[in-house]
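So you can see what is in the structure, the chains are spelled out below.
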Amino acid sequence: SERGEGEARRNMSAVWNYFKVNEDDKTKADCKLGGSKGCAFNTSNLIKHLKSQHDNEYKEFTHASKPTQPTLQQTLARREKMSRDNPRAVKITQAIIEYIALSDQPLSEVENVGFLRLLHVLEPRYDVPGRRYMTDTELPKLHDSVKKHIHSLLQTSSAFSFTTDIWTSSVSPVSLISLTCQWIDESFTPQRAVLHAKQFRGSHTSQAIAHVFEEMLQTWGIPKTSVHVVLRDNAKNMIKAMNDAGLPSLPCVAHTLQLAVHEGLLAQRSIADAIAVGRKIVGHFKHSALAYSRLEDIQGQLNQPIKRLQQD
C-alpha cells in the first residue's frame, strides 16, 4: 500500500543514520556504532541489528520513524482560506496578474473554470480574487511597478533612439500612436522598451502629431536634446510633425523599399491585372467553405501539403 511504502521510505532514511555502505562490498553495510560489520544491505536486517545491539539508538530510531498525527487545529488550518494579505496569497496574486499580462490573456481568466480548478489543486487555501479586483487593483500596481523599472533603466543613458507609427487597431475602431525607445546601457548592452501605445483622437495633422509626441517624451522626462533620432514612415504629416517638434528623424528603410516595390509593380498593367485575378480567386475560396474543403481534398490527392490561401 502507499502508506506501507511511505513508512518504508521513512525507516530507510532514518536507519541509515547509524550505518554506512561497506567500501569493499557495496551490497553490505557497516554499523557506525561499532560491532557487526557487513550486514546484508536491506532495511530489515539493519533494523534487527540496531534492535539487538544498540538499545538506546533503536529507541531513538523508532521515535524518529513514528508518523506524527496532525492536531485538529493543524487540520482545520490546512482547510481554512488564506486572507488576501497573507504573504503566500500576495505572491500567488502577483504571479496571476503577471501571467495575464505576459501571455496576453483576458482579465476574465480569473473566472475561467479550468483555471480555477488548476489553482485549487495547487493551493486549495487560496481564494482567487475576482475580475474587478484584478482590473482595479492588481493591474495598476503591476503597471506602476513596470513603469518605475523602465524609468530606472532610462537613467543609464543620455541618448535615445525612437521608433514611432500610427495605425488602426484590427479589434477596435481607434487610431493608436506608438513610441518605442532604444538605447545602450552602461555595459554597452542594447535595450528596448515600448513606452506608449496610446489612442490618437482627432485629425492626424502634423501639429497634432507633434503635440502628442512631445507629451509622450515629457511623460518619461526625456529632453529633446537626448533624442538621437526618430525612425518614422514616409507620410508627409509625420515628416512635418518631426520638423515642427524640432526632432531629428529618418524614414524607415523597409517602408521606403516597400513603397518603391509597390509603385514599381502596380505601375505595370499586366501585374495589376494578375493580382486582381488572384485576389478574386482567393476571395471565392475564402467565402465558400464547400470550395475550400474541395481544394483541400485535391491537395491531399496530389500528395501536396495542405496550405491555406493568402489574399496578398
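Predicted, not measured: the structure shown is a model, and the values here were computed from it.

Chemist: Can you tell me about the environment of valine 110, naming the residues and giving the values?
Modeler: Topologically, valine 110 is positioned in the loop between α5 (87–102) and α6 (113–122). Using a relative accessible area of 3% as the deciding quantity, one classes valine 110 as buried. As for valine 110 and isoleucine 97, which are separated by 13 residues in sequence, their C-alpha atoms are 9.3 Å apart. Discounting chain neighbours no more than four positions away, the residues touching valine 110 are Ile96, Ile100, Phe115, Leu116, Val128, Pro129, Gly130, Arg131 and Met134.

Chemist: Would you mind going over the side chain of serine 226 in detail, with residue names and values included?
Modeler: For serine 226, the location among the structural elements is in the loop between α8 (206–219) and β7 (227–232). Separated by 3.2 Å, the side chain of serine 226 and the backbone oxygen of serine 158 make a polar contact.

Chemist: I'd like to hear about the sheet that holds strand β4 (residues 160–168), residue by residue, with values.
Modeler: Hydrogen bonds between backbone groups are what pair the strands of a sheet, and the pairing can be parallel or antiparallel. Pairing is mixed in the open sheet, where 5 strands are placed in the order β6-β5-β4-β7-β8. Each edge of the open sheet carries a strand with a single partner, namely β6 (190–199) and β8 (249–251). Pairs of neighbouring strands in the sheet enclose a mean axial angle of 20°, with direction left out of account. Here β4 runs beside strand β5 (residues 175–184); their pairing, made up of 8 bridges, is antiparallel. Across the sheet, residue threonine 164 finds its bridge partner in β5, namely leucine 179. Across the face of the sheet, helix α7 (residues 131–154) comes into contact with β4, β5 and β6 while running at roughly 45° to β5.

Chemist: Any details on the layout of surface pockets? Residues and values, ideally.
Modeler: Estimates place the volume of the largest pocket at around 410 Å³. Taken together, 14 residues make up the lining of the largest pocket; nearest its centre are His143, Val146, Val194, Leu195 and Trp220. By residue number, the principal contributor to the lining of the largest pocket is α7, which donates 6 residues. Taken together, the residues that form the lining of the largest pocket break down as 9 nonpolar, 3 polar and 2 charged.

Chemist: Residues and numbers for unusual backbone geometry, please.
Modeler: Residues other than glycine seldom take positive phi values, yet phenylalanine 188 does so here, at roughly 60°. Secondary-structure assignment places phenylalanine 188 in the loop between β5 and β6. Classification of phenylalanine 188 as exposed rests on a relative accessible area of 72%. Phi is positive for asparagine 303, close to 55°, though the residue is something other than glycine. Within the element layout of this structure, asparagine 303 appears in the segment after α12 (289–301).

Definitions and limits used
Residues numbered from 1 in each chain as written. Predicted model: local features only at pLDDT ≥ 70, side-chain atom pairs only at ≥ 80, totals over all residues. Heavy atoms only, no water. Helix = DSSP H or I, 4+ residues; strand = E, 2+ residues; numbered from the N terminus. Buried < 20%, exposed > 50% of the residue type's maximum accessible area, 1.4 Å probe, protein only. Contact = heavy atoms within 4.5 Å. Polar contact = N/O pair within 3.5 Å; in protein donor to acceptor, adjacent residues only side chain to side chain. Pairing = 2+ DSSP bridges. Axes fitted to C-alpha atoms, helices over the stretch in contact; angles between N-to-C directions. 1 Å grid on protein atoms, 1.4 Å probe; cavity = no way out; pocket = protein on both sides within 12 Å on 5 of 7 lines; lining within 4 Å. Points joined across faces, edges and corners; volume = space filled by probe spheres on them. Nonpolar A, V, L, I, M, F, W, Y, C, P; charged D, E, K, R; others polar.

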